[in-house]
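# Inside the fold
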Amino acid sequence: MKATRLLGIIFNKATDNFPLSSSLTDILVSLTETLRANSKETKFKLYLLQAIGEIMIFIAGRASDNSLVPGFTYQLIGRCLKDGDDIALNHAACKIIENLLLVADKQADKLATSDIALALWNISSTGGNNEHIRASALAALCHMGLSYLDIVQSVFDKVTIKSDIFQSTSSKVLQYNITLLAILAKRTKNRTMFIQDILPKMNVLYENTNVLIRAKAYTLTYVLLSTYSESLYTLSDTKLFQAIERDVRRTSADPDENDLLHEALNRLTTLLSSHLNRILDELLSSTEQTRKTSSAKDAFKKWLSSFRLISTIIGNHCIRSRVVTLMSIKKLFKLFTNIKLIAELNSELTKGPSSLTEIISYVSQTLDAFVRARDLLSLFSEILLSDLLPLCSQLLVSSNVDEFSLCALCILNELLNELKLTDCVLPIHIQHDIKQELYQTFLPIICDRHILREEPIALLSLRFIQTIWILIDHTSNSFSILLQSNLITNLFNLIIQNKDKSTGTFVQGIVSCLTILSEKREIIQTMIEQGLVSIQLQLIQDQLTFTTPDRAMTNVLLELLSLLDRDLTYVLDIVKRALQVKKTGTGDSDLPSTAEKLLQVHKPLVTLVGPMINLLPNEDPSIAKIALHNLSLLTQLIGSEGKAILSKNHCHILSTTLRTTDTTKQKLLLRALKRLISGDKRSLDVARSNTNNELTQTLQQLKKSAATEADAGLISHIDDLLHLLL
């Protein structure tokens, strides 16, 4: 026994100087006979088999054929492999086959049989917790598959891959399983097994914590995609793309493992790019043909998985930057143009759930993802003007499908969001050209065709108008384009149409749009001419009818008060300039008549004086602040206009506000109060008869405080009021 073990060690350590001779055959014959004769000596059998294996490997590394090895030695190794009672003997036989195939596969011709391959597979499947023998059996199968694939393939045509093939706790066993499957996947006979049985189970590989296993999983994926291109559709439903995104960003601590992982990723993403272009070419060809036919229902079902896959790839940050090219993006835009035309020919299929509506949804998601992808925008900025905007124009102008209008508006708004950024990825000249195109071409289309449509199209249109107006340079040409459109009229019509939704975000969007536009004098004058005063009055009164406003209502009210402030400020400026013309006799002679007309138009707003006072103690400081400013403007422009404005409650609010606000706001409030009570005797009587003379007492207290601070201006305002009240 010791001699046998020593013999194995000698041949394991033997160098090239050790000669090959026929005596090695005699040694193998002797050892083989002894092994066969000692069927019960377990340990001795193991040493004999190990010695036989070392000699065979020694010969294999130095001889060009296997003539020195007796044929029955190969047979005996096969029997040891199938001996189900001795795991150690099985393991030794596996190692001999593994090493022979690794060193020189020609020396293992007689071991490369279906029976041996099946025995190896059985050991790898039934080795229990002995990961070493399972790994050795799988390694032998892998090496056999590289040189004798037909034999290994024949075994897998007979056996069933178990559902737990990727559930091994041994990383070594799992790696060999993946390698074996990658070898087998090069043949197409097992198409069903790989696509239906293996692919759906690969999520566990993509999420494995072992870097080498994930690298091998990507290699297996590459082989599967290379062999079965249709497997890409199944893989899109796995966690492949999320795993690639994670591993592209991750760096392994081991440089070798890191290189292996990223090499596998690069190889796989290059193949994905090729597949994407192939899919686009196939879809382009198919859609071109379908446009010429009357019915496309069957085609829609065939295309659905491809459009879903395209959407998934473009939507994945790390994958798209590796697989998308300028040519593929151009093909994509051409493809979506075809889909638009086909959808218009089959508009009845867009009215409810169908394959076509799903395709349109994927088209929208893909385009939206492209515009949101700053990496793609920076790489392909030149096609925004040449391809993307013309596509959006087609979707807006000629489409009778709401989904396409929504898609185009979403894309345009996302593009505007990018243009708003201080670190916009687009070149300066591209930014300028896009802004001009959006304003000159798209603004009129949206103002005239889409602003009056149902939500969310109208809401997206509003958002577009607001943003582009903020971004462009305001020139006479830009005003001309806006004023020539029906925007102001349409916005007012929208308000009237949605008066029952006066507390919603939609009305807030309309008012916000009007507020932004009103920053320019030319626009607010047009608004006034087209009925701004009555619109404001109605909306503000509607808002103030709600006793328990929520945040949305508060936002709408704030927008309305901002618009009112902008309007009144404009009118006050005209009035002041008109007074200057009258005083000096120089300037625009039409200003006085213009100012008079504006004051006449704005007289109905006097009814808002009371509501502005009621808003002074509002818990939202923004509301309270702008209400005070509007109160000041209203009293300067219109006064009380002979109407009983003040009530006892108003006097109480004014008294409370005067006691709790700062000096600047006190002066504004005192001036407004003076105009109210000096212009209407009834208001003066209410102020004088206020309960317990609250207003008078408040003014007297303020005067004492102002005297302490030596604030002569504030004291003067208080004295004027006290003179009227006392």
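What you see is a predicted model, and the numbers here were worked out from it, not measured in a lab.

Counting secondary structure elements, the protein chain contains 38 helices and zero strands. For the protein chain, with 726 residues in total, the buried portion stands at 53%. A sequence separation of at least 24 residues applies to 76% of the contacts in the protein chain between residues at least 6 apart.

For the rest of this paragraph, the subject is the side chain of Asp375. Inspection of the secondary structure puts Asp375 in helix 20 (residues 374–379). Owing to a relative accessible area of 19%, Asp375 belongs among the buried residues under this scheme. Excluding residues within four positions of it along the chain, Asp375 makes contact with His317, Arg320 and Ser321.

Evaluation of the coordinates by the stated rule reveals 17 salt bridges. With a shortest N-O distance of 3.0 Å, Arg214 and Asp247 are connected by a salt bridge. Of this pair, Arg214 sits in helix 12 (residues 211–227) while Asp247 sits in helix 14 (residues 240–249), and the two are 33 residues apart along the sequence. Given a relative accessible area of 2%, Arg214 falls into the buried group. A relative accessible area of 0% means that Asp247 is categorised as buried. Between Glu282 and Arg278 there is a salt bridge; the shortest N-O distance is 3.1 Å.

Attention shifts here to the packing of aromatic side chains. Taken as a whole, this structure holds five aromatic pairs when the rule is applied. Centroid distance Phe333 to Phe370: 5.6 Å. Interplanar angle 85°. Geometry classified as edge-to-face. Here Phe370 lies in helix 19 (residues 355–372) and Phe333 lies in helix 18 (residues 326–345), a separation of 37 residues in the sequence. Here Phe333 and Phe370 have matching classes, each one buried. Geometrically, the ring pair formed by Tyr439 and Trp469 is tilted, given 6.4 Å between the ring centres and 35° between the ring planes. In this pair, Tyr439 sits in helix 23 (residues 428–450) while Trp469 sits in helix 24 (residues 457–471), placing the two residues 30 residues apart along the sequence. One exposure class covers both Tyr439 and Trp469, and it is buried.

Helix 35 (residues 663–679) packs onto helix 34 (residues 648–660) with a crossing angle of 155° between their chain directions and a minimal axis gap of 9 Å. Overall, the two elements helix 34 and helix 35 adopt an arrangement that is roughly antiparallel. With respect to the hand of their crossing, helix 34 and helix 35 are arranged in left-handed fashion. Here helix 34 contributes Leu654, Thr657 and Leu658 to the contact with helix 35, which in turn contributes Gln666, Leu669, Leu670 and Leu673. Here the residues of the contact of helix 34 with helix 35 are counted per class, giving five nonpolar, two polar and no charged.

Right, let's talk about the nonpolar core for a bit. In terms of nonpolar packing, the biggest core is built from 262 residues, with Met144 and Phe370 touching the most fellow members. The leading source of residues in this core is helix 30 (residues 551–584), at 14 residues. Two domains share this core, each providing at least three of its residues, namely domain 1 (1–250) and domain 2 (648–676 + 689–725). If we ignore the near neighbours within four places in the chain, the residues touching Phe370 are Ile314, Ile329, Phe333, Leu376, Leu377, Phe380, Ile383, Leu384 and Leu388.

With 12 residues, helix 4 (residues 71–82) extends 17 Å from end C-alpha to end C-alpha; this agrees with the ideal 16 Å at 1.5 Å per step. Three or more residues of helix 4 are buried, namely Thr73, Tyr74, Leu76, Ile77, Gly78, Cys80 and Leu81.

Bringing unusual backbone geometry into the picture now. Look at the link from Glu455 to Pro456: it is a cis peptide, with omega at 0°. Tracing the chain through its elements places Pro456 in the loop between helix 23 and helix 24.

To find the voids left in a structure, one rolls a probe of water-molecule size over its atoms. Scanning all chains against the criterion turns up one cavity of 30 Å³ or more. Estimated volume of the largest cavity: approximately 40 Å³. Every residue lining the largest cavity is listed: Leu276, Leu280, Ile314, Val324, Ser328, Ile329 and Leu332. Among the elements that take part in the lining of the largest cavity, helix 18 stands out by supplying three residues, more than any other. Split by residue class, the lining of the largest cavity holds six nonpolar, one polar and no charged.

About the thresholds
- Residues numbered from 1 in each chain as written.
- Predicted model: local features only at pLDDT ≥ 70, side-chain atom pairs only at ≥ 80, totals over all residues.
- Heavy atoms only, no water.
- Helix = DSSP H or I, 4+ residues; strand = E, 2+ residues; numbered from the N terminus.
- Buried < 20%, exposed > 50% of the residue type's maximum accessible area, 1.4 Å probe, protein only.
- Contact = heavy atoms within 4.5 Å.
- Salt bridge = Lys/Arg side-chain N within 4 Å of Asp/Glu carboxyl O.
- Phe/Tyr/Trp six-rings, centres within 6.5 Å; stacked < 30°, edge-to-face > 60°.
- Axes fitted to C-alpha atoms, helices over the stretch in contact; angles between N-to-C directions.
- Parallel < 35°, antiparallel > 145°, perpendicular 65-115°, else oblique.
- Left-handed = near helix turned anticlockwise from the far one by under 90°.
- Nonpolar A, V, L, I, M, F, W, Y, C, P; charged D, E, K, R; others polar.
- Core = buried A, V, L, I, M, F, W, Y, C linked by side-chain atoms within 4.5 Å.
- Domains from an automatic or database assignment.
- Expected span 1.5 Å × (residues − 1).
- 1 Å grid on protein atoms, 1.4 Å probe; cavity = no way out; pocket = protein on both sides within 12 Å on 5 of 7 lines; lining within 4 Å.
- Points joined across faces, edges and corners; volume = space filled by probe spheres on them.

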